[in-house]
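Coordinate analysis (summary)
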Amino acid sequence: MSESLDSYLALSALLFAVGTFGFLARRNAIAMLMSIELMLNAVNLAIVAFGAFVPSLRGDASVIALVVMAVAAAEATVGLAIVIAIYRNRRTPLVDEYTQMRE
Amino acid sequence: MPMELLVTLVLALPIAGFGLTALVGRRLGTRAWIVAVPAIVVTWAIAMVVVWSALSGGFGADGLHFTLYEWVPAGDFTIEANFAVDNLTAVLLIVVTTVGMLVHVYSIGYMAHDPGRWRFFAYLNLFMFSMLLLVLAGNFMLLFAAWELVGLCSYLLIGFWYPRPSAAIAAKKAFLANRVGDVGFALGIFAVWTTVGTLNFTDAFERLSEGLAGGQIEAWAITGIALLLFCGAVGKSAQFPLHVWLPDAMEGPTPVSALIHAATMVNAGVYFVARANPLFSLSPEAMFVVAAIGIFTAILAASIALTQNDIKRVLAYSTLSQLGYMFASLGVGAYVAAIFHMTAQGFTKGLLFLGSGSVIHGVHEEQDMNRMGGLWRRMPITHATMLVGSLSMAGIPPLAAFFSKDEILGEAFKNGFLWVWLVGIVVAALTAFYMFRLMGKTFYGPSHVDPAVEPHVLESPRSMTVPLILLAIPAALLGLVLGLPFGAGLIGQWLEPIFEEAQLNLGLHHEPVQILGVDGVLILVSVAVATAGLAVAIRLFGFHWPLRGDDTEAQPERVVVLTARAPRLYRASFRKWWFDELNDLLFVRLGGRVAHFIWWFDRAIVDGTVNGIGDVVQGAGRDLRRIQTGRVQNYALGIAVALIVMAGGFLIVTAR
């Protein structure tokens, strides 16, 4: 375990970038949801890192990390429910096929 | 009540004749006159009864006033259909119904071959109704309605032969020129209403003069009202600068020219100013304007009449000139003389127009006097009656217009308007000249009639010659009956009470006529001048001396020499002082430019702004629509980019 905050933040930024790229580049709705989870976890990593290295933030960081996990769980549930509902109608998980509401 | 009933009948019969003829006239074929003409003959008879009662004093000093019904009941603002018959109305009734009746009879023959004759008689009856309403009206509103109605009839009848473009244009021109005057007239009526709160003639004039005396109404307000109302008279009576419509109105059938554009409608302006004498006499400025415009029109029109070649146009300019005399007379305070001249002119000019119609009919619809000449042998009755009319018009005693014209000139001189008298004398000479130029070119002198037509030139049928003879009687004798003895004739006895107040306002008093003094000299001067004009015309354009047995005393070469000596003057007169060109330049070209610019401004700037806003919104909507692709990734990219920008911005701001 490294002693420096920067390395944790760098890993967090890398994970966030991977998540963002996945979200923008993937056409599959499931993969996009997974990318969102990745971004949320990247942020969580940054938060707990701050909590570990900045003494005044220690208690707050743990609470915020727990809140983020709860929100992420709720988001994944709702997101998956929507994706399944659409999939049942459209018979495809690819988001660029969902053009019915266009214009 | 019986008198009221008769006056109502005078109005009801022509309008009923109009309705019937308009409804069933087409089925009557050649007998389209069968309703219209008897209706007017009966109207004439009834009107004569009314006139007799009025002039014999049967209605008292103020005349007969009665209300038929409440026309416009609108709260405080009510207008009644009320009528007034006094001596002034009575004199007008004589002219309108008599000339009207004779013109109706004449039209039976003149319009016999026109397929639109039922339309003609219907319009003619409508005109009679309108004109009688105008004369009988007892308030401004009713007068205005009649004023517009006669304008409408004039329009319809000038454009009677509407397939001819010139007739349609002339009708439009008359209508538009009248509108210009009527705007002023309407404004004048509004001003009367706001100033005194009544439109009844008697009440309004009374309150105006009381208001001026009591100081509630300023003098300039009186002048303004008078001048606005005078605008209407200028339009209807075709005075400068709105005179241009009357000569073109000759495009209408000749009976129409005789009735509407010589004897009756064009007199409406004169009648109105005379009716409003208590108002006009309160404002010396307004009187001056009336006199100046009148005498200017008189000389302007007379100078144009000298060179015109269309027989009806010469008469039209003559009418303009005589109307100018009447306004000059009104302006110098000689009201009786103005109405006298109107009466004499009405009969005389009606006769001359009907005579010219007979001539035109005789030479197969030719109106150019250069293609007439020597007609006196072939059309003796037309010639004799027109000779009477021309002599009267020229002011040769003892015919009608001599008395009236002389009274105008005499009064102008004695009331101190020397310039009016001087111009008037010149106009008198010009009048005599152009009337006998017309007679010479038409009846005497060498014949220029189309050789193919000449053998067929015949006197007109009796329905046309009888009205001519009947009109020649008043044209010859009216002056003797009404004008003698000088200054104390019948016409003066009839009309002086009406103008008493005006005379008082103007500070004029009636002096006895000195036939051996100043009046005699004035008469001699005007007769001498008229005779001179007549003699010159005879020398130049020919006259028949039965004893010598030759018809051709005309000296066309002298005419050419004379016109060549003053080419500018000749061209000015021939081109009518370029008034049509001036109007064309001012209103058609310049006005057209302005109108065109305004049209452009409206289209480009006003519409452009409104449409521009719409276009921008529409275009923005159309372009921005593309952003909404329906792809989640695009939206997500937007969010990401916006986040980066916001975060970057935050960093830049906080880094400072």
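Each chain has its residues counted from 1, running along the sequence as written. All chains are assigned letters beginning with A, and all ligands numbers beginning with 1, in the order in which they are written. Restriction of local features to residues with pLDDT of at least 70 applies here, the model being predicted, together with a cutoff of 80 or more for giving and counting side-chain atom pairs; totals for whole chains, interfaces and linings are based on all residues.

1. Section: the overall build of chain B
Working definition: helices are DSSP H or I runs of at least four residues, strands are E runs of at least two. Numbering for both runs from the N terminus. Along chain B, the regular secondary structure elements total 26 helices and 2 strands. Expressed along its principal axes, the backbone C-alpha trace of chain B runs to roughly 125 × 70 × 55 Å. This entry defines residue contacts through backbone-placed C-beta atoms, with two residues in contact when those atoms are within 7 Å. Nonlocal contacts in chain B, meaning residues at least 24 apart in sequence, comprise 79% of its contacts between residues at least 6 apart.

2. Structural notes on the overall build of chain A
Within chain A, the regular secondary structure consists of 3 helices and 0 strands. Counting helices and strands in the order they occur from the N terminus, chain A gives α-α-α. The globule rule is 2.2 Å times the number of residues to the power 0.38, and the radius of gyration it is compared with is taken over C-alpha atoms. For chain A, whose C-alpha radius of gyration is 17 Å, the value lies well above the compact-globule estimate of 13 Å for 103 residues. Reported as C-alpha extents along the three principal axes, the dimensions of chain A are approximately 50 × 25 × 25 Å.

3. Description of the interface of chain A and chain B
At the interface, 9 residues of chain A touch 10 residues of chain B. Three classes are used: nonpolar for Ala, Val, Leu, Ile, Met, Phe, Trp, Tyr, Cys and Pro, charged for Asp, Glu, Lys and Arg, and polar for all others, with Gly counted as polar. Among the residues forming the side of chain A that touches chain B, the class breakdown is 4 nonpolar, 2 polar and 3 charged.

4. Observations regarding the environment of Ala36(B)
All names here are of chain B. Within the secondary structure, Ala 36 sits in helix H2 (residues 33-55). Its 30 C-beta neighbours within 10 Å are what place Ala 36 among the buried residues. C-alpha of Ala 36 to C-alpha of Leu 13: the two residues are 23 residues apart in sequence and 9.2 Å apart in space. If we skip the residues at most four places from it in the chain, Ala 36 touches Gly 17, Thr 21, His 104, Phe 121, Ala 122, Leu 124 and Asn 125. The exposure scheme places C-beta atoms from the backbone and then counts, for each residue, the other C-beta atoms within 10 Å of its own, assigning buried at 20 or more, exposed at 12 or fewer, and partly exposed in between.

5. Points about the pairing of strand S2 (residues 77-85) of chain B
Residues and elements named next belong to chain B. Summarising the sheet, strand S1 (residues 64-74) and S2 pair through 9 bridges and their orientation is antiparallel. Bridged to Pro 73 within S2 is Thr 78. Between S1 and S2, which pair antiparallel in sequence order, lie 2 residues; one of them, Gly 75, sits at a positive phi of approximately 65 degrees. Here, strands pair whenever DSSP counts at least two bridges between them.

6. Description of helix H25 (residues 579-624) of chain B
Residues and elements named next belong to chain B. In this model, H25 (46 residues) spans 62 Å end to end at C-alpha, consistent with the 68 Å of a helix rising 1.5 Å per residue. Maximal helix bending in H25 amounts to about 45 degrees, located at Gly 608. A small share of H25 lies buried, amounting to 0 of its 46 residues. Take the number of residues in a helix, subtract one, and multiply by 1.5 Å to get its expected span. Throughout, bend refers to the angle between the axes fitted to the seven residues that end at a position and the seven residues that start at it.

7. Considering the environment of Glu97(A)
One can find Glu97(A) in the segment after helix H3 (58-90). Along the backbone, Glu97(A) and Arg27(A) are 70 residues apart, and their C-alpha atoms lie at a distance of 9.2 Å.

8. Let's talk about the packing of helix H3 (residues 87-110) of chain B against helix H10 (residues 254-263) of chain B
Residues and elements named next belong to chain B. Taken N-terminus to C-terminus, the directions of H3 and H10 make an angle of 170 degrees; their axes are 9 Å apart at the nearest point. The angle between H3 and H10 falls in the class roughly antiparallel. Every residue of H10 that contacts H3 at Val 95, Val 99, Gly 100, Val 103, Tyr 106, Ser 107 and Tyr 110 is listed here: Thr 254, Pro 255, Ala 258, Leu 259 and Ala 263. Partitioned by chemical class, the residues of the contact of H3 with H10 number 9 nonpolar, 3 polar and no charged. To get an axis, fit a line to the C-alpha atoms, keeping to the stretch in contact for a helix; angles then go from 0 to 180 degrees between the N-to-C directions. An angle counts as roughly parallel when it lies under 35 degrees, as roughly antiparallel when it exceeds 145, as roughly perpendicular when it falls between 65 and 115, and as oblique in every other case.

9. Concerning unusual backbone geometry
The omega angle of the peptide bond from Phe240(B) to Pro241(B) is 5 degrees, so this bond is cis rather than trans. Secondary-structure assignment places Pro241(B) in the loop between helix H8 (219-236) and helix H9 (245-248). Between Pro397(B) and Pro398(B) the backbone carries a cis peptide bond, its omega angle lying at 5 degrees. Looking at the element boundaries, Pro398(B) is found in the loop between helix H16 (380-394) and helix H17 (400-414). Of note in the backbone geometry, Arg91(A) takes a positive phi value of approximately 60 degrees without being a glycine. Relative to the helices and strands, Arg91(A) resides in the segment after H3. Not every positive phi belongs to a glycine, and Ala238(B) is a case in point at roughly 55 degrees. Turning to its location among the elements, Ala238(B) is positioned in the loop between H8 and H9. Overall, the presence of 28 C-beta atoms within 10 Å leaves Ala238(B) in the buried class.

10. Regarding the confidence of the model for chain B
Looking at any residue, its pLDDT shows the predictor's confidence there, from 0 to 100. Across chain B, the average pLDDT comes to 85, with 95% of residues at or above 70. As a predicted assembly, this complex carries a pTM of 0.78 together with an ipTM value of 0.78.

11. Quick word on the packing of H3(B) against helix H15 (residues 335-362) of chain B
Residues and elements named next belong to chain B. Interhelical geometry of H3 versus H15 gives an angle of 5 degrees and a closest axis separation of 10 Å. Taken as axis vectors, H3 and H15 run roughly parallel relative to one another. When H3 is examined against H15, the residues Leu 88, Val 91, Val 95, Val 99, Tyr 106 and Tyr 110 are found in contact with a partner set consisting of Ile 339, Thr 343, Gly 346, Phe 347, Gly 350, Leu 354, Gly 357 and His 361. Counted by class, the contact of H3 with H15 contains 9 nonpolar, 5 polar and no charged residues.

12. Concerning helix H1 (residues 5-25) of chain A
Taking 1.5 Å as the rise per residue, H1(A) with 21 residues should run 30 Å; its terminal C-alpha atoms sit 30 Å apart, in good agreement. On its buried side, H1(A) packs onto helix H2 (29-53) of chain A together with helix H26 (632-655) of chain B.

13. Looking at the environment of Ser356(B)
Residue and element names in this part refer to chain B. Among the secondary structure elements, Ser 356 is positioned in helix H15. Between the C-alpha atom of Ser 356 and that of Tyr 335, which follows or precedes it by 21 residues, the distance is 30 Å. Those residues in contact with Ser 356, other than ones at most four positions away along the chain, are Thr 254, Ile 311, Lys 312 and Leu 315.

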